[in-house]
Amino acid sequence: MYVISLDLGTSGFRSQLIDLDKKETIKTVITMGHPLPGGNVMDHLDFAMATGEDVAHRLMIETVKKILEKFDVEPEKIERIAVCGNPIQLSLFQNMEIRDLAYAGENKQKSLGVKDVKREARIFPANEIFKGIFEMDNCEIIVPPAIKHEIGADALAMMLETDFIHQTEPCLVTDYGTNAEMALKIGDRIMTASAAAGPAIEGQGIACGMLAGPGAISDLTVENGLWRLTVLDRTMSPGEGPLVDPVTGEIAEEGGLIPKGITGTGVISTIALAIREGLMTKIPELPNGKLILSENIMISNKDVEEVGKAIGAIRAAHLTLMVESGMKFEDLTYSYMSGATGTYVNAENARYIGSVPGFSKNIIQFGNTSLGLARKIAIDRSKLDEVIGIAKKIQADHLMMATSETFKDIYICELSKWQQGMPEDVYKQMLEMYKIPVFPENIKEVEIEKRVVRDIDDVGKLGLEIVKDIGIILEAPVVDCILCHKCEQECPEDAVIIIQKDGEKERYANVDSQHCLGTSCRRCVAICPVQTMNHKILKIRKSSKK
Ligand code: SF4
Ligand code: SF4
């Protein structure tokens, strides 16, 4: 029999097939994107509320089905699937109420008639949600509990899978991603928060960016005045790529691995090296407006700004947590970094540009903690009771960055730094003006411990398979369409196409769900001269691509 671990991430799903008897990983399958339109959890939430939770749920299930098919095992041999993710992803997967996650504050929820939903651990038959789609008669699904309303199973995983929960010294843990989850522990007190970093932190939304996957530039180092690219291989292990002159783009030496794009950690290293090597004396201005890392792979001033905004949001949230806790910055002893960005990032470079506090005495890099926890529960069902017991004991307070004045003030400083090159001394003067304690200089020597080489440490004997194109098409009638095709031309992702049916009488918009940018875009809606484009009535097209 087999069990499956599944991490429903905001930028894509990750899953492993495990042989239950041998407790061995057989195969890993990941998607290069999320099936819901949009690049962050709020876009996903907005899509689900506007278009329908049933459509959003079906998109999630159809995508998981595609992953399960890649494992190529008989459905009746799957005994258990353990799933982890943030509360929005887990709710959409289970087809549960989500509106309580959209409205902060009990009064607002009450006025809208939204009941607070308990997100306790759940065990239920797989066919409850997979019936008629991918029936698994002998399979149960296990979902670990949330700690409380805003603190989901993914945050619990990040605390449990690292040493965070057992630390006696002040420590910080961050699951780096589009929505960066973080927690600060001082004695028995735990405070949590999340920063809407945006997709650039994972390499999306930048011109030559890609998620961490085979061919992604994950790091850069200086070698004889030139830059050596580190590229992820087929098993997601970092290996040697070309040696380049980043100003001219001249390749001095081909490495063993050919880069296809750059991921967020690669951009972090690019920025750190550009500052250190004197190529960017004022942020975000690069020589001739760009650095050339390989044929067709460039980093522009705009990319620096985009990644800077993401780093700025994470740094502002880190500092806000520490300020609001009342701790002294100097007391921070451990910083744990998890997720693909936490794993592959060059920690020295991350300290240098502030995505991890430079004054933390120790930095420990972990892999994918959500998948790690799901794996443990999938292999040993009794682990769930242990996890429930720990979740009940955790007394954690959640700090909402959206309503924090401290966060707002620090984030303004970060934006000024990344968009206008505000110098560090002016930054500190601004903090003083806002009456926010000024953070100390970076410590010169810190202990950096990398506990894993890859974010998924063991991909299994059949290796890693990537679902690049989820291939689900959403369709809506555009009854008044005049076939001007302006929506298609306006779409930055080539995600919409107008088709005709029934002898050209009926017109429909077809939207590629994975590639559509969702709420944050809507350019096709705005440009439509007859206002017939309506994303709220999209439904899954029956004959979506295979
Ligand atoms: S912009 Fe509007 S009218 Fe023009 S093709 Fe698209 S849906 Fe039709
Ligand atoms: S233009 Fe429309 S279809 Fe294209 S990404 Fe934007 S919202 Fe999606």
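Bear in mind the structure is a predicted one, so any value in this text is a computation, not a measurement. (Residues numbered from 1 in each chain as written. Chains lettered and ligands numbered in written order. Predicted model: local features only at pLDDT ≥ 70, side-chain atom pairs only at ≥ 80, totals over all residues. Heavy atoms only, no water.)

### Focus: the sheet that holds strand β17 (residues 334–338)
Spatially, β19-β9-β8-β7-β17-β18-β20 is the arrangement adopted by the seven strands of the open sheet, whose pairing is mixed. Each edge of the open sheet is held by one strand with a lone partner, namely β19 (396–398) and β20 (447–450). Direction aside, the axes of adjacent strands within the sheet are offset by 15° on average. Sheet analysis places strand β9 (residues 189–196) next to β19, joined by three bridges and oriented parallel. Within β19, the residue paired with Met191 across the bridge is Asp397. (Pairing = 2+ DSSP bridges. Helix = DSSP H or I, 4+ residues; strand = E, 2+ residues; numbered from the N terminus. Axes fitted to C-alpha atoms, helices over the stretch in contact; angles between N-to-C directions.)

### Topic: the nonpolar core
In this structure, Ile81, Phe93, Phe130 and Ile141 are the most contacted members of the largest nonpolar core, which totals 94 residues. Of the residues forming this core, the biggest block, nine residues, is contributed by helix α2 (residues 53–71). Residues in contact with Phe130, not counting those within four places in the same chain, are Ile61, Val64, Lys65, Leu68, Phe93, Glu135, Met136 and Ile141. Formed by 66 residues, the second largest nonpolar core is a distinct cluster that contains Met322, Val356, Leu399 and Met430. (Core = buried A, V, L, I, M, F, W, Y, C linked by side-chain atoms within 4.5 Å. Buried < 20%, exposed > 50% of the residue type's maximum accessible area, 1.4 Å probe, protein only. Contact = heavy atoms within 4.5 Å.)

### Points about the site of ligand 2
Around ligand 2, the neighbouring residues are Cys491, Pro492, Val496, Cys516, Leu517, Cys521, Arg522, Cys524 and His535. For the shell around ligand 2, the per-class residue count stands at seven nonpolar, one polar and one charged. (Near = heavy atom within 4 Å. Nonpolar A, V, L, I, M, F, W, Y, C, P; charged D, E, K, R; others polar.)

### Remarks on the environment of Glu475
Here Glu475 is to be found in strand β22 (residues 473–477). In this structure Glu475 comes out as buried when scored by relative accessible area, which is 12%. Setting aside chain neighbours within four positions, we find Glu475 in contact with Ile499, Lys501, Tyr508, Ala509, Asn510, Ile537, Leu538, Lys539 and Arg541. There is a polar contact of 2.8 Å between the side chain of Glu475 and the side chain of Lys501. At a separation of 2.8 Å, a polar atom in the side chain of Glu475 contacts the side chain of Asn510. (Polar contact = N/O pair within 3.5 Å; in protein donor to acceptor, adjacent residues only side chain to side chain.)

### Details of the domain arrangement of the chain
Along its sequence, the chain is carved into domain 1 (2–155 + 371–394 + 457–467), domain 2 (163–365 + 404–439) and domain 3 (473–540). One C-alpha centre belongs to domain 1, the other to domain 2; they are set 28 Å apart. Taken together, the contact between domain 1 and domain 2 spans 16 residues of the former and 16 residues of the latter. Overall, the association of domain 1 and domain 2 removes approximately 1200 Å² of surface from exposure, summing both partners, and the carbon and sulfur fraction of that is 69%. (Domains from an automatic or database assignment. Buried area = accessible area lost by both parts, 1.4 Å probe.)

### Considerations on the pattern of salt bridges
Scanning the entire structure with this criterion turns up 29 salt bridges. A salt bridge links Glu69 to Lys65, with the nearest nitrogen and oxygen atoms 3.9 Å apart. Placement of both Glu69 and Lys65 in helix α2 is noted, with a separation of four residues, approximately one turn of the helix. Glu69 sits in the partly exposed class, given a relative accessible area of 43%. Among the residues examined, Lys65 registers a relative accessible area of 19% and is labelled buried. Residues Glu140 and Arg80 are paired through a salt bridge, measuring 3.6 Å at the closest nitrogen-oxygen approach. In this pair, Glu140 sits in strand β6 (residues 140–143) while Arg80 sits in strand β4 (residues 78–85), placing the two residues 60 residues apart along the sequence. In terms of burial, Glu140 and Arg80 fall into one category: buried. Bridged by salt links that share partners, the residues Glu79, Arg80, Glu140 and Arg381 form one connected network. (Salt bridge = Lys/Arg side-chain N within 4 Å of Asp/Glu carboxyl O.)

### Section: the sheet that holds strand β11 (residues 226–232)
If you walk across this open sheet you meet the five strands as β13-β12-β11-β10-β14, and the pairing is mixed. Because the sheet does not close on itself, it has two edges, and the strands there are β13 (251–253) and β14 (261–262). Note: strand β12 (residues 238–244) against β13, two bridges, orientation antiparallel. Bridging across to β13, Val244 finds its partner in Ile251. The strands touched by helix α8 (residues 264–276) within the sheet are β10 (216–223), β11 and β14, with β10 carrying the most contacts at an inclination of about 25°.

### Considerations on the environment of Asn95
If you trace the backbone, Asn95 turns up in the loop between α3 (87–94) and α4 (99–102). The spatial distance from the C-alpha of Asn95 to the C-alpha of Pro477 is 25 Å, given a sequence separation of 382 residues. In contact with Asn95, other than residues within four places in its own chain, are Glu53 and His57.

### Considerations on the environment of Met298
Inspection of the secondary structure puts Met298 in strand β16 (residues 297–300). The class of Met298 is partly exposed, set by a relative accessible area of 32%. Between the C-alpha atoms of Met298 and Val41, which are 257 residues apart in sequence, the distance is 28 Å. Aside from chain neighbours lying at most four places away, what touches Met298 is Cys208, Lys290, Leu291, Ile292 and Asp303.

### Side note on unusual backbone geometry
Residue Ile283 is joined to Pro284 through a cis peptide bond whose omega torsion reads 0°. Positionally, Pro284 belongs in the loop between α8 and β15 (290–294). Although it is not a glycine, Asn95 sits at a positive phi angle of roughly 60°. By relative accessible area, which is 42% here, Asn95 ends up partly exposed. Phi is positive for Asn288, close to 55°, though the residue is something other than glycine. Its location among the elements puts Asn288 in the loop between α8 and β15.

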